[in-house]
Amino acid sequence: MGETFGEAVFSTGMTGYQETLTDPSYRRQVVVMTAPHVGNTGVNDEDPESKRIWVAGYVVRDPARVPSSWRHRRTLDDELAAQGVVGISGIDTRALTRHLRERGAMRVGIFSGDAVRDDAALVARVQEAPEMKGASLYEEVTTEEAYVVPAIGEKKFTVAAVDLGIKGMTPHRMAERGIEVHVLPATATLDDIYAASPDGVFFSNGPGDPATADHPVALMQGVLERGTPLFGICFGNQLLGRALGFGTYKLKYGHRGINQPVQDRTTGKVEVTAHNHGFAVDAPLDKVSETPFGRAEVSHVCLNDNVVEGLQLLDKPAFSVQYHPEAAAGPHDAAYLFDRFVSLMEDQRA
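These figures come from a predicted structure and were not determined experimentally.

**Student:** Help me understand helix α10 (residues 336-349), please; the structure alone is not making it clear to me.
**Tutor:** Side chains three or four residues apart in an α-helix point the same way, a direct result of the helix having 3.6 residues per turn. The end-to-end C-alpha distance of α10, which contains 14 residues, comes to 20 Å, matching closely the 20 Å that a straight helix rising 1.5 Å per residue would cover. All buried positions along α10 are accounted for by Tyr 336, Leu 337, Phe 338, Phe 341, Val 342 and Met 345.

**Student:** Which parts of the structure should I look at to understand the UniProt feature "domain: Carbamoyl-phosphate synthase small subunit N-terminal" (unreviewed entry) in the protein chain?
**Tutor:** Per the UniProt entry, the sites bearing "domain: Carbamoyl-phosphate synthase small subunit N-terminal" (unreviewed entry) are residues 1-111 in this numbering. Taken end to end, residues 1-111 is 21% helix and 27% strand, and its two terminal C-alpha atoms sit 8 Å from one another.

**Student:** Explanation requested: the state of the cysteines in the structure shown.
**Tutor:** Each disulfide is one covalent bond, formed between the sulfur atoms of two cysteines. One pass over the full model with this rule turns up zero disulfides. With no disulfide of its own, Cys 302 lies 13 Å from the sulfur of Cys 234, the closest cysteine sulfur.

**Student:** Just checking my understanding: could you explain the UniProt feature "binding site: L-glutamine" (unreviewed entry) in the protein chain for this structure?
**Tutor:** The sites that UniProt annotates as "binding site: L-glutamine" (unreviewed entry) are Ser 25, Gly 206, Gly 208, Phe 235, Gln 238, Asn 276, Gly 278 and Phe 279. Annotated residues spanning 255 residues; largest pairwise C-alpha distance 13.3 Å, indicating a single compact cluster. The residues contacting Asn 276, other than those within four sequence positions of it, are Asp 23, Ser 25, Tyr 26, Gln 29, Cys 234, His 255, Arg 256 and His 324. Along the polypeptide, Gly 278 turns up in strand β14 (residues 270-282). Taking the relative accessible area as the measure of exposure, Gly 278 reaches 13% and is therefore buried. If we skip the residues at most four places from it in the chain, Gly 278 touches Tyr 249, Lys 250, Leu 251, Gly 254 and Arg 256.

**Student:** Can you help me understand the environment of Ser 69 in this one?
**Tutor:** Tracing the sequence through the fold places Ser 69 in the loop between β5 (62-63) and α2 (76-82). Under the relative-accessibility criterion, Ser 69 is labelled buried at 18%. Separated by 28 residues in sequence, Ser 69 and Thr 41 place their C-alpha atoms 4.8 Å apart. Apart from the residues within four sequence positions on either side, Ser 69 is in contact with Asn 40 and Thr 41. Of note is the side chain of Ser 69, whose polar atom sits 3.1 Å from the backbone nitrogen of Arg 71.

**Student:** Even after reading the chapter, I still don't get the pattern of salt bridges, so can you show me in this structure?
**Tutor:** Oppositely charged side chains may form a pair once their charged atoms are brought near each other. Tallied over the full model, the rule gives 19 salt bridges. A salt bridge links Glu 131 to Arg 107, with the nearest nitrogen and oxygen atoms 4.0 Å apart. One end of the pair, Glu 131, is in the loop between α4 (119-128) and α5 (138-141); the other, Arg 107, is in strand β7 (residues 106-111), and 24 residues separate them in sequence. A relative accessible area of 48% means that Glu 131 is categorised as partly exposed. Looking at Arg 107, the relative accessible area reads 31%, which means it is partly exposed. Put simply, Glu 176 and Arg 177 hold a salt bridge, and the shortest N to O gap is 3.9 Å.

**Student:** Would you explain the packing of aromatic side chains in this entry?
**Tutor:** In this description, a pair of aromatic rings is defined by centroid distance and the angle of the planes. Counted by the stated rule, this structure contains seven aromatic pairs. With 5.5 Å between their ring centres and 80° between their planes, Phe 5 and Phe 111 make a pair best called edge-to-face. Of the two residues, Phe 5 sits in strand β1 (residues 3-11) while Phe 111 sits in strand β7, which places them 106 residues apart along the sequence. When the ring of Phe 231 is compared with that of Phe 338, the centres are 5.9 Å apart and the planes differ by 80°; the resulting orientation is edge-to-face. One end of the pair, Phe 231, is in strand β12 (residues 230-233); the other, Phe 338, is in helix α10, and 107 residues separate them in sequence. Considered together, Phe 231 and Phe 338 belong to a single accessibility category, that of buried residues. Sitting over the ring of Trp 54, Arg 52 keeps its end group 3.9 Å from the ring centre. Directly above the aromatic system of Phe 279 lies the positively charged group of Lys 250, at a separation of 5.8 Å from the ring centroid.

**Student:** When you look at the nonpolar core in this model, what are you seeing that I'm missing?
**Tutor:** The biggest cluster of nonpolar side chains holds 33 residues, and the ones touching the most others in it are Leu 164, Ile 193, Phe 203, Met 220, Leu 224, Leu 239 and Leu 244. Contributing elements (two or more residues each) for this core: β9 (157-162), α7 (190-195), β11 (200-203), α8 (214-226), α9 (235-243), β16 (294-302) and β17 (308-313). Per element, the largest residue contribution to this core is five residues, and it comes from α8. Excluding residues that lie within four positions of it along the chain, Leu 239 makes contacts with Leu 164, Phe 203, Pro 210, Ala 213, Pro 216, Val 217 and Met 220. Membership of the second largest hydrophobic core comes to 22 residues, among which are Phe 157, Ile 233, Leu 337 and Met 345.

**Student:** Honestly, the sheet that holds strand β2 (residues 29-33) in this entry has me stumped. Any pointers?
**Tutor:** The pairing of strands in a sheet comes from backbone hydrogen bonds and takes either a parallel or an antiparallel form. Pairing within the open sheet is mixed, and its five strands lie in the order β6-β4-β2-β1-β7. Taken across any chain shown, the strands that pair with only one partner, and hence form the sheet edges, are β6 (86-88) and β7. On average, each strand axis in the sheet is tilted by 30° relative to the strand beside it, whichever way the strands run. With three bridges connecting them, β2 and strand β4 (residues 57-59) associate as parallel partners. The residue bridging Val 32 from the neighbouring strand is Val 59, located in β4. Across the sheet, α4 touches β1 and β7, and the angle it forms with β7 is around 130°.

Conventions adopted
Residues numbered from 1 in each chain as written. Predicted model: local features only at pLDDT ≥ 70, side-chain atom pairs only at ≥ 80, totals over all residues. Heavy atoms only, no water. Helix = DSSP H or I, 4+ residues; strand = E, 2+ residues; numbered from the N terminus. Expected span 1.5 Å × (residues − 1). Buried < 20%, exposed > 50% of the residue type's maximum accessible area, 1.4 Å probe, protein only. UniProt positions renumbered as here; feature names shortened; annotations may be inferred. Disulfide = S-S within 2.5 Å. Contact = heavy atoms within 4.5 Å. Polar contact = N/O pair within 3.5 Å; in protein donor to acceptor, adjacent residues only side chain to side chain. Salt bridge = Lys/Arg side-chain N within 4 Å of Asp/Glu carboxyl O. Phe/Tyr/Trp six-rings, centres within 6.5 Å; stacked < 30°, edge-to-face > 60°. Lys NZ or Arg CZ within 6 Å of the ring centre and 35° of its normal. Core = buried A, V, L, I, M, F, W, Y, C linked by side-chain atoms within 4.5 Å. Pairing = 2+ DSSP bridges. Axes fitted to C-alpha atoms, helices over the stretch in contact; angles between N-to-C directions.

Rendered as structure tokens:
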């Protein structure tokens, strides 16, 4: 019951809805699921990517009446209600997806109960809601206090991770590779980063318009100047683009789901990947660019629409991708990127 406002976007994933709901990158977005049947695995306590649901609203066609997974602890409906997330069901979500794909992501409102008024009044309220372009949201989702995720097994490296909306599986994937991860708030300074004596620095995913993220961009430029191995994903990729002097822009309807084809241009390999982004980097696909930190090139590209999906510096140990190699719900084609980060730190140490 109640009302909610946000940017209407669609996700094409057929599984992993619990990870989607708890991904901080979905802050202020109303997620439309293209898969018609949602909720059949319920909600458990192991799969959340953060401590709460971040989506502004949830739209499904046919919610499951009874969860069928032995791992479930609660129903999806109960979890949404407990966290005050407004949802709607029983609508043709695939028709709505076609509408968004043709016209672009747009502001939306969901109203129920006493919140329902005449159509003109409701439309006016939606039009008063803030747009995603120009929205600075990463500080709303970052951790308030720094914390450490210990390495699993023998500790090999230390990484300082700037939390712009980090998903829990990301430091876990690094910990699996012997990395002790110091997760820092988005307000961290360069001194805070290097107080951890890091072998590498990581910039996470996150919500909002990268054009507003001046502090993280300046922070990243400080890391690049020092030559510390650097890895960024999603929002972190957009920040690397800005740090190198490229622009960013809003995509018409974005990439969201777990079935996006991307080519790693350094190997020619095509991988199926997990995405959640509405902004992209404006960098040339057909040439090596000169930047204040040396030569840079587009390392990954989306095969659906040629959107930049990764950047790498050729003269410094830094790279980024626009998608999610941690991919808690899968697929796992891109997990090698964490190994590539490890290789950069090994080379730097050698």
